[in-house]
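Here are the chains, one letter per residue:
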Amino acid sequence: VSAGEVARLREENARLRARVEEVERQLGAQAAAANAAIAAAQDRAYWLDRARVDLNAVMASRAGRALVAAVRLLRRR
Amino acid sequence: MSAPAYDVAWRVLREGPAPLLAGGAGAAARTPLHVAVVLPSLPVGSGGHTTTLNVVAGLERLGHTCSVWVLEERTGRLEWPAALRRKVLDHYAPVRAPVFRGLGAWYGADVAVATSWETAYAVAALPACRARAYLLNDHEPEFHPTSVERMLAERSYALGLHGLAGTPWLQERYAEHGGESSPYSYGIDHAVYHPRDVARRRDTVVFYGRQATPRRAVPLGVAALAALCRQRPRTRVVVFGDRAGPEAPFGYENAGVATPDALARLYSEGTVGLCLSLTNVSLTPQEMLACGMPCVDLDGPSTRAAGDGGAVTLAPFDPEAMAAALARLLDDEAQWRRRAEAGRALVAERTWERTATEVEAGLRDALRREAPVA
């Protein structure tokens, strides 16, 4: 292997290491942002979870759909 | 433990832990790390949970991101996730982490941390981790009589998780099963546990009498207090730790399951604390010391290894001798003052910030030692 080739491989190695570090940092930042977003959503959903109410299931029921329709009517007026 | 949880344990014992992700050693020096902490349950007033969740809050202050996972119980009575998170905030520590019910939504982590023997198997089975660690807060095999649970608790020490040992005694127990570990020390919330503005009484023994926890040696403490009250009938005894106090041949006040603030006031008013442990040392003696109240604990391998003997009075497994140790602290004001000062000096440097820094070092050790498997 020529000296030039060794230098090229070293350079590529350094470049790849730097890229890995950058991707690792991005991954860490993504995990932190995702955890923060989930925690914030949990803080908003506290009373529903405390009452064990699945609002999506409630709103998909006949009563829920009627409620949505009534709210729409009220908004139109 | 639920049937699926047993199934996980058998599978891990048969097949070994799930493969780790590559790159643990490379991530060891990085901040933030994603640290996922798995709890067996979420009761109120648990010393182990206090330690674990203060560690989570401390790691977050050091720049890491955490998630908390609570194993589902057999009963299905476990709260929903947002309610679990609020419970953590209300009763333990101001964490920023989301809290999950069960492991169904698992999305990987740099380090997955077990906090009990049940969770050790769950963590060993988790994919998408670079390393696994095991926060050791007590010697859990001793929680069970001869049983499958005891065997599983013992074998959880040999799963290859990197131990984070709260005391030298726990580090030795873990090593007996071939486990490698890094040490950390317990912290104190000094904003809560400090001498309060209440008059210190000279006649009061404050007893941790949680009889639902056999390792707290409540019958021994009751016998010691009975002997003490026979000798000194005007001694005032205050018991805390359980809704119903223990049966006792002497009168006492029951403070029940008190809040940290109420406990700090009680420790600031009392003359001497009595908090016994037959396994690992608990947080309670050092919280008593932080409030300026000397404390008597049981002389045993874990309390001796903790090296707090200059501040904590260690009494033998003998009610009369324990009563004599309590009486000396009630009657000898010079000794009481020496112990109180030694206690405050001992715990002055014990903070949750220091605990978090030590645990962080242990997590980095766990990442460095994990050979990439997949």
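Residues numbered from 1 in each chain as written. Chains lettered and ligands numbered in written order. Predicted model: local features only at pLDDT ≥ 70, side-chain atom pairs only at ≥ 80, totals over all residues. Heavy atoms only, no water.

**A few points about the nonpolar core**
Residue and element names in this part refer to chain B.
Part 1 of the argument: With 69 residues, the main nonpolar core has Y134, L161 and L363 as its most contacted residues.
Part 2 of the argument: Leave out the neighbours within four places in its chain, and L161 touches A114, A120, V123, A124, R132, A133, Y134, Y174, E180 and R369.
Part 3 of the argument: Of all hydrophobic cores here, the second largest spans 28 residues; its members include A217, A224, C229 and V239. (Core = buried A, V, L, I, M, F, W, Y, C linked by side-chain atoms within 4.5 Å. Buried < 20%, exposed > 50% of the residue type's maximum accessible area, 1.4 Å probe, protein only. Contact = heavy atoms within 4.5 Å.)

**Observations concerning the sheet that holds strand β2 (residues 65-70) of chain B**
Residue and element names in this part refer to chain B.
Part 1 of the argument: The strand order β3-β2-β1-β4-β5-β6-β7 describes an open sheet built from seven strands, whose pairing is parallel. Every other strand in the sheet has two partners, leaving β3 (99-101) and β7 (181-183) as the edge strands with one partner each. Put simply, the sheet's adjacent strands are angled 25 degrees from each other on average, direction ignored.
Part 2 of the argument: Pairing geometry for strand β1 (residues 34-39) and strand β4 (residues 109-114), over four bridges, is parallel. Within β4, the position partnered with V35 by the bridge is V111.
Part 3 of the argument: This element, helix α4 (residues 81-91), spans β2 and β3 of the sheet and lies at about 135 degrees to β3. (Pairing = 2+ DSSP bridges. Helix = DSSP H or I, 4+ residues; strand = E, 2+ residues; numbered from the N terminus. Axes fitted to C-alpha atoms, helices over the stretch in contact; angles between N-to-C directions.)

**Observations regarding the packing of aromatic side chains**
Part 1 of the argument: In this structure the tally under the stated criterion is 14 aromatic pairs over all chains.
Part 2 of the argument: Look at Y157 of chain B and Y174 of chain B: their rings are 5.2 Å apart centre to centre, the planes differ by 65 degrees, and that puts the pair in the edge-to-face class. Within this pair, whereas Y157 of chain B is found in the loop between α6 (148-155) and β6 (162-165), its partner Y174 of chain B is found in helix α7 (residues 168-176), the two being separated by 17 residues in sequence.
Part 3 of the argument: Taken together, the ring pairs connect W69, F100, W106 and Y107 of chain B into an aromatic cluster.
Part 4 of the argument: A cation over an aromatic ring shows up here: R86 of chain B above the ring of Y46 of chain A, its NZ or CZ 3.7 Å from the ring centre.
Part 5 of the argument: Between R215 of chain B and the ring centre of F143 of chain B, over which it is positioned, the NZ or CZ distance is 3.8 Å. (Phe/Tyr/Trp six-rings, centres within 6.5 Å; stacked < 30°, edge-to-face > 60°. Lys NZ or Arg CZ within 6 Å of the ring centre and 35° of its normal.)

**A closer look at the sheet that holds strand β11 (residues 272-274) of chain B**
Residues and elements named next belong to chain B.
Part 1 of the argument: Read across the sheet, six strands follow the order β10-β9-β8-β11-β12-β13 without closing on themselves; strand pairing throughout is parallel. Either end of the sheet is taken by a strand with one partner, and the two such strands are β10 (253-256) and β13 (312-315). Averaged over all neighbouring strand pairs, the angle between strand axes comes to 25 degrees, with direction disregarded.
Part 2 of the argument: Across three bridges, strand β8 (residues 204-208) lies against β11 in parallel orientation. Considered in β11, the bridge of F207 is made with L274.
Part 3 of the argument: Along the sheet, helix α8 (residues 218-231) contacts β8, β9 (236-240), β11 and β12 (295-298); its crossing angle with β8, the most-contacted strand, is approximately 165 degrees.

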